[in-house]
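Geometric and topological summary
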Amino acid sequence: MLEMTAGSLPPTPDSSYYEFTVAVQDAAGLKAVSYASVSVELVEYAVFIEEMGLLSGLSQRGGTPLINNNDDLMLQSSCLSSDVGVSYVWTISPAPTGDLSSLDIFPAGLNQDVLIVMGGYGALVAGLDYTFTSRCMPLDSPTETRGQSSVTLSVNDFPVGGTCKVCLLGSSGCVKTGSPIV
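Now for a quick tour of the structure. Computed from a predicted model, the values in this text were never measured in an experiment. (Residues numbered from 1 in each chain as written. Predicted model: local features only at pLDDT ≥ 70, side-chain atom pairs only at ≥ 80, totals over all residues. Heavy atoms only, no water.)

**With respect to the overall build of the chain**
- Each helix and strand counted, the chain has 0 helices and 12 strands in total.
- The linear arrangement of helices and strands in the chain, starting from the amino end, is β-β-β-β-β-β-β-β-β-β-β-β.
- Burial status across the chain gives 24% buried among its 182 residues.
- At a minimum sequence separation of 6, the contacts of the chain that also span at least 24 residues come to 54%.
- Approximately 12,200 Å² of the chain is accessible, and the part contributed by carbon and sulfur atoms is 54%. (Helix = DSSP H or I, 4+ residues; strand = E, 2+ residues; numbered from the N terminus. Buried < 20%, exposed > 50% of the residue type's maximum accessible area, 1.4 Å probe, protein only. Contact = heavy atoms within 4.5 Å. Areas by Shrake-Rupley, 256 points an atom, 1.4 Å probe, with all protein chains shown as cover.)

**Side note on the side chain of S154**
- Relative to the helices and strands, S154 is located in strand β10 (residues 147–155).
- Note on S154: relative accessible area 9%, which makes it buried.
- In terms of polar contacts, S154 uses its side chain to reach the side chain of D129, at 2.5 Å.
- Non-local contacts of S154, meaning those with residues more than four positions away in its chain, are made with T64, P65, L66, I67, L128 and D129. (Polar contact = N/O pair within 3.5 Å; in protein donor to acceptor, adjacent residues only side chain to side chain.)

**Details of the state of the cysteines**
- On inspection of all chains with the given rule, the structure shows 1 disulfide.
- Residue C79 pairs covalently with C136 via a disulfide, S to S 1.8 Å. Between C79 and C136, the S-S torsion sits near -85°, and that sign places the bridge as left-handed. Here C79 is found in strand β6 (residues 73–81), whereas its partner C136 is found in strand β9 (residues 129–138), with 57 residues between them in sequence.
- We classify C79 as buried; its relative accessible area is 8%.
- Overall, the relative accessible area of 0% leaves C136 in the buried class. (Disulfide = S-S within 2.5 Å.)

**Describing the nonpolar core**
- Among the nonpolar cores identified, the biggest contains 16 residues, and L73, F106, L115, V117, L124 and F132 are the most heavily contacted of them.
- Those elements that place two or more of their residues in this core are β6, β7 (86–93), β8 (114–117), β9 and β10.
- Discounting residues that sit within four places of it in the chain, L124 has contacts with I67, N69, L73, P96, V117, Y130, F132 and V155. (Core = buried A, V, L, I, M, F, W, Y, C linked by side-chain atoms within 4.5 Å.)

**Quick notes on empty space enclosed by the protein**
- For the coordinates displayed, the defined rule picks out 1 cavity of 30 Å³ or more.
- What the largest cavity holds in volume is close to 30 Å³.
- Forming the walls of the largest cavity are N69, D71, V117, M118, G119, G122, A123 and L124.
- Partitioned by chemical class, the residues of the lining of the largest cavity number 4 nonpolar, 3 polar and 1 charged. (1 Å grid on protein atoms, 1.4 Å probe; cavity = no way out; pocket = protein on both sides within 12 Å on 5 of 7 lines; lining within 4 Å. Points joined across faces, edges and corners; volume = space filled by probe spheres on them. Nonpolar A, V, L, I, M, F, W, Y, C, P; charged D, E, K, R; others polar.)

**Observations concerning the packing of aromatic side chains**
- For the structure shown, the criterion picks out 2 aromatic pairs.
- Measuring from centroid to centroid gives 6.5 Å for Y18 and F20, while their planes differ by 40°, and the two rings are tilted.
- Relative accessible area serves as the criterion here: at 24%, Y18 is assigned to the partly exposed category.
- Pairing Y130 with F132 gives two aromatic rings, centres 6.5 Å apart and planes at 40°, and the pair type is tilted.
- Taking the relative accessible area as the measure of exposure, Y130 reaches 1% and is therefore buried.
- Given a relative accessible area of 0%, F132 falls into the buried group. (Phe/Tyr/Trp six-rings, centres within 6.5 Å; stacked < 30°, edge-to-face > 60°.)

Keep in mind these values describe shape, not function.
Spelled out as structure tokens, the structure:
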């Protein structure tokens, strides 16, 4: 096995290769030397670091981030690269209800570093878990993913079951109890 320190060889020019050859012979030197070669093209890629953060409020249920289906959701992704511009593509699984191209629901679209999902449109269904994934691609190769980050969020269920007591507070305590209070 040949091990080399990263960056010790420069990238090869177009259509050029490094050729690595190994020669082997028996310990006594009685047999002919055998050779094996391999050609390697070294290509330089920029280093990408993909990070994602949640910019809107949320709570936790156990270890799972929890949002309400009528709340606005804002996620931000950053793809750090030393030498090339980048583009972003967001995917959501399962697919939200509604039109993914709707700027009413997704005002920043699905190709920015920020993803905004507006509440009140029913795009995220209560009781479901959604995985939001941001992919980072260099502008010079827009189909090649160089970084990816995901977060899974639960959409809070609507309250069900149990009993509820309501009390309208007055200066001396409950003025009226029970349901409904108008």
